[in-house]
Each structure stands twice: as structure tokens, then as C-alpha cells.
There are 2 protein chains.
Amino acid sequence: MAVYTDVTDEALFAFLAQYDLGAVLSFKGIAEGVENSNFLLHCEAGRFILTLYEKRVNPDDLPFFLGLMEHLAEHDLSCPLPVKRRDGTALGALAGRPAAIITFLDGVSVRKPDARHCAETGRALAQMHLAGHGFGLSRPNALSLEHWPALFEASRARADDVAEGLGLEIECELEALQRLWPCDLPPGVIHADLFPDNVFFIGPKLSGLIDFYFACNDALAYDLAICLNAWCFEPDGAFNATKGRALLQGYQSLRPLEVEERDALPVLARGAAMRFLLTRLYDWLNVPPGALVKPKNPLEYLDKLRFHQTIDHAGEYGLDI
Amino acid sequence: MAVYTDVTDEALFAFLAQYDLGAVLSFKGIAEGVENSNFLLHCEAGRFILTLYEKRVNPDDLPFFLGLMEHLAEHDLSCPLPVKRRDGTALGALAGRPAAIITFLDGVSVRKPDARHCAETGRALAQMHLAGHGFGLSRPNALSLEHWPALFEASRARADDVAEGLGLEIECELEALQRLWPCDLPPGVIHADLFPDNVFFIGPKLSGLIDFYFACNDALAYDLAICLNAWCFEPDGAFNATKGRALLQGYQSLRPLEVEERDALPVLARGAAMRFLLTRLYDWLNVPPGALVKPKNPLEYLDKLRFHQTIDHAGEYGLDI
């Protein structure tokens, strides 16, 4: 949950004077998003989300994130659209932070997705990948293979406090991933964080994707591997192959995987598990005083990593070969 | 800010099956209300607030609070209206807590009210007092004169850690208040917590009152004294007589004060200051671990109390005598 920064009515009205949204009908801080402060803003012109970008977001990346949402929305992906101010720009400042207004997206995220939710999500991910073609800006993945060793260094000394032998296990896996990682897969703009929190449904139907603040350029199939981890495991740690099949079929209904992407899926899934294991491990060991957010257990991702190490080919995920 | 309890989409849908609100379009935890968990719920039938009552609210009081909102709304006060379930009741249970849905009220609270806001608030308070006539339930004020000594006892040992001499000063004032307190003022249902957070405006116009979870039966003029404290002091501690006059004129435009109420206003304002001094002092000394809410400084109310001790008659607040 969020809302870190206090916004007074006076500051809000001064900020909104740069927009054409009419009178403010309501304004409430919402418990959504971990990195930023979010507010639900209802004006005569409609409902919006006002986001204040807190210190974990690099302001230099904001034109990429906002431009991407605009590009995707123009290419018929259901996602928030940044609202332009009278001067034509989408990025402003409020309460000392970079700030932007985006359109409000209806829908509710599901806590326990079923196979239909997975199929819809796979399809929407492929739609995003196709819609991303032709977007003019690019942003390297700041949490990719080459960054994992440094991220691990920051936690290494205390890794074994979390689980015995964890330090050595990560070290060996990092070495293996450096060796096995594919480098010629089809690239594109990926969401990179498409967890159930970031996919909205109205009833059984997907209504849109949100939170593009980890989006970057990387292998498209890596994004699918992140979703396999985020959507297809049960709370008890078991991989659900029915959900895996649904996710992959949904994806391939719009963008069939190439042979190299299928072959790489197990190692991509190991890498995707490593990326979340490392960031969660770091957050677990570095809870700021007074934090509002309870860190997520990194070991969930160690279990996923170990599962993928046992996979020989993508057919075991439910992929039709 | 709030949102203490996590509500899954599954639990929400099961809860909503008891209502006729149509499909859920969005559901977000909001940072509003200190005592309870609040969610903005948008359904096909409209926008609502879903409240889960946390442990500081006595479930036995909920029929009073919900019944009062319904009574006031029926008597044309702009306030949230509890939504009935198919079985005709307004109170249910969700995530192990008592829970209710109320209609959403448009508007934004003002951080720095001006005299016009004070006038509107005074008028709305009088409107609430008049609309409360005939409400069938009653609830004694759990934070009235007779409860202050026990409340003080809970903080007494550490009061002087907050300000030197605070313990003795409160003790003397409690003794004076027991002696001076008026006991025959016109009674009725009071809001008892009408701070700027709980009054919504659209532009300069008051759009409604919220948060009736301290409402109770007490002297009507005591409610006005609470508002004098909450609305008419500047951030530097100075009493703003222009705002005082506006609040009192607004109130009297609908409900002129009786002579005994005018005479009692300075002592009521001292009592109102004491009530918030004592609860803030307690909260200041008893911050729960992991609290999301920063306690408010009790000394703000000590300054207000000292100011009212210097007042000889209500004319000094701006009341036309």
C-alpha cells in the first residue's frame, strides 16, 4: 500500500490549474502501488489517477513510462492514458515530486487467478508486445542478467540468515545463468512486472493492464517467463500446468513463440525467478524504519527457481510442442 | 490514513452477493478514516464506501451510527446513506469484521478553511442538530466530562514527559470543569468530531458531512464548541475571530443559541479542548508498534485550552450579543 506524500487541497488546485479537467469532485489517497503515491481524482471531466513519483523511480525514466502508456493506448491496448496539460506535456510537479495524471481504468485484480484469468493475461501480454512495436523510446532493463551479481552482492553477507546455504545456492545459479542465458531472442518492450495486482478484470473478462513502471526493452519471452512465475503457481508452491497451458495458449493465440523462445523458456523462467528472488531478498533485509509495506518472502521465489531447474523442455509448462 | 484489513476479491464478491449493486467495476483501499478500514467501491449501481469496523469501534454502537446517517439523510442533511441488503439490514460482516456499505459523497476537505468555509460548516452543524430531532436511538457520550478523569489517569504518570507541569495543569482544569460545567443545556444528537477532514466542499460550497462514528447525545452547544476549536484557530495558535464570527453566524442562521448556551460557550470550549487534549495525550503516549498513523500533537489543544481560560464571554469569539 502507498500514499507516502501528503497533498493539500491548495497544492492540488494549483496543480490542476494547468489542466482542463473542470472542478474537483473528490480526491482520495489510495492504497495501490508500492513505489509511488497514488490518488483517485474525480473531476467534472471524469475519473483519473494522480501519481506522485517517489524516490525509487528515476525521473529520467518518466518520459519512457508515460510515452509508452500513450503509445500502447493508441494501439488499442486497454491501459491508462496520460492526460496532457494545456502546454501539451504530461509530466508536472506537485508537492516537490514529479507528478502525472492518467485515466482511471475500471476493474478489480484477482487474488487467486484461475485458468481463464491466466489465458486472458497471456493474450493481453501478447497484445502489449505487438502494440509496443514502433514505440520510439527505449529503456534498458535495469534488473537484467548483468545486474544480478551486483544486486546479490548487496545481500550476500546476510543471505544465509534468511535460509541456510542460500548464498552459495544463488552464487551457483548465477554462474549457470550467465552460461546458459540466450542472447538472440526477439526483443521488444516488456511489462516486466505483470503480476495479478497489475491486471484488472470485470467479472471474468480482462479490462486492462496497469503499472508500467518497470517496463523496458528486453526479450519478449522473458516477460512471459515472469508471468509463468507470477500466475501459475499455487499458494502451496506447486506449479499448475493447467494454468501454464492457459497462459501460453492465450499468449500464442496472438503471438506464436519462435522455436528459440520455446527452447529458452525454462532458463528464462529460472532467470525470472532469480530476478524476484534477489529484489525480494534485498527488500527483506533492508526494511526501512516506519515502512508501510511488509516485504514479500523471498523464499517463495527460491522454490520457483528450484522447480524450473528440474524442467527439461517447455512442454512441461503445458506448451504444445 | 487507514486500510488495516485486507479484503480479497473472493470475500468481496461473496459479501456483495447479499446486495443488489450489480457488477463490481473497481475496488480500492483508501487512505481515509483513522479508526476503520475504508474502500472505494464502484459498482454498476454507483459509487460507494465500504467500511470494515476495526476494534476501536464498539459493534453495539453500529446500529446507532448507521441509523443516524439514515435518519439525517432522510431529513435532507447531505451525508452518506447506508445501503440496505436484500434482507433489509445495513450491517453485515466481511473479513471477520462488522462491515457496511454507504453511499459515496462527492467533495474535498479543506486543509486551511477560510471564513466562508466556517460559515458553511456552522450552518451545516445547525442543520444536523435540527435534523437529529426525532431520531429514535440514543448513545451516551463516551468521552464526556464524567469520563475525563479516568482518561487522564491512563496518561497521568507520563504527562510531564510531554510538557513540564502538564499533569498538574490538567488536574486543576479538570477540577474547575467539574465545578463550572453546565448541566441543563438543550440536548440532542451531536457529531462530536466535526473537524475539517469530515466536511466536504465542491468549490466554495459545502457538499456534505461524513464520519458519524463519534456521534452521541449531548448538549448541542458543546458540538459548536468543538467546531470553534477545530475550525477557528490559525496554525500558529492564534484564534481567528473572523472565522469564529462566521461559524457562529452560520450556525445561528438556522438555530439561534439560547442565552444559557451563549453564556456557557467559554466553558464548553474549555471542555472541548480538554477532551481532545486527553485523547491526543493518550494516543501520543501509546503509539502501537507498526502504527500507520502518526499521532497528533496534544499540546495544540493545551494552547487552545489556555486561550479559552482567558475568555470572559462569548462575544470574544465573535458572537453578536
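Student: Any chance you could explain the pairing of strand 5 (residues 97-103) of chain B here in plain terms?
Tutor: Each regular strand displays side chains that alternate between the two surfaces of the sheet. Residue and element names in this part refer to chain B. Relative to strand 5, strand 3 (residues 46-52) is paired through five bridges, and the arrangement is antiparallel. Within strand 5, the residue paired with Ile49 across the bridge is Ile102. The pairing of strand 4 (residues 92-94) with strand 5 spans three bridges and is antiparallel. Note that in strand 5 the partner of Gly92 across the bridge is Ala99. Where strand 4 hands over to strand 5, the hairpin turn is made up of two residues, of which Ala95 adopts a positive phi near 50 degrees.

Student: What exactly am I supposed to notice about the interface of chain A and chain B here?
Tutor: Many structure descriptions define interface size as the accessible area lost when the parts assemble. Residue-level contacts link 25 residues of chain A with 25 residues of chain B. The element best represented in the side of chain A that touches chain B is strand 1 (residues 24-30) of chain A, accounting for seven residues. The class makeup of the residues in the side of chain A that touches chain B is 13 nonpolar, five polar and seven charged.

Student: In this structure, what is going on with the relation of the copies chain A and chain B? I would like to understand it.
Tutor: There are two copies of the chain, and a rotation about an axis plus a shift along that axis relates them. Once turned by 180 degrees and shifted 0.0 Å along the axis, chain A lies on chain B with an RMSD of 0.0 Å. Accordingly, the operation relating the two chain copies is best matched by a two-fold axis. Residue Ile30 of chain A, judged by its C-alpha, is the member of chain A lying nearest the rotation axis, at 2.1 Å. Comparing contact sets, 100% of the residues at the interface of chain A also lie at the interface in chain B, consistent with an isologous, same-surface contact.

Student: Please clarify how the pairing of strand 2 (residues 37-43) of chain A should be interpreted in this entry.
Tutor: Residues and elements named next belong to chain A. Extensive coverage of strand 2 is indicated by the burial of six of its seven residues. Examined bridge by bridge, strand 1 and strand 2 share six bridges and lie antiparallel to one another. Within the sheet, the bridge partner assigned to Ile30 lies in strand 2 and is Asn38. For strand 2 and strand 3 (residues 46-52), the ladder comprises seven bridges, and the chain directions are antiparallel. Across the sheet, Leu40 pairs through a bridge with Ile49, a residue of strand 3.

Rules used in this analysis
- Residues numbered from 1 in each chain as written.
- Chains lettered and ligands numbered in written order.
- Predicted model: local features only at pLDDT ≥ 70, side-chain atom pairs only at ≥ 80, totals over all residues.
- Pairing = 2+ DSSP bridges.
- Helix = DSSP H or I, 4+ residues; strand = E, 2+ residues; numbered from the N terminus.
- Contact = placed C-beta atoms within 7 Å.
- Nonpolar A, V, L, I, M, F, W, Y, C, P; charged D, E, K, R; others polar.
- Least-squares fit on C-alpha atoms with pLDDT ≥ 70 in both.
- Buried ≥ 20, exposed ≤ 12 C-beta atoms within 10 Å, placed from the backbone.

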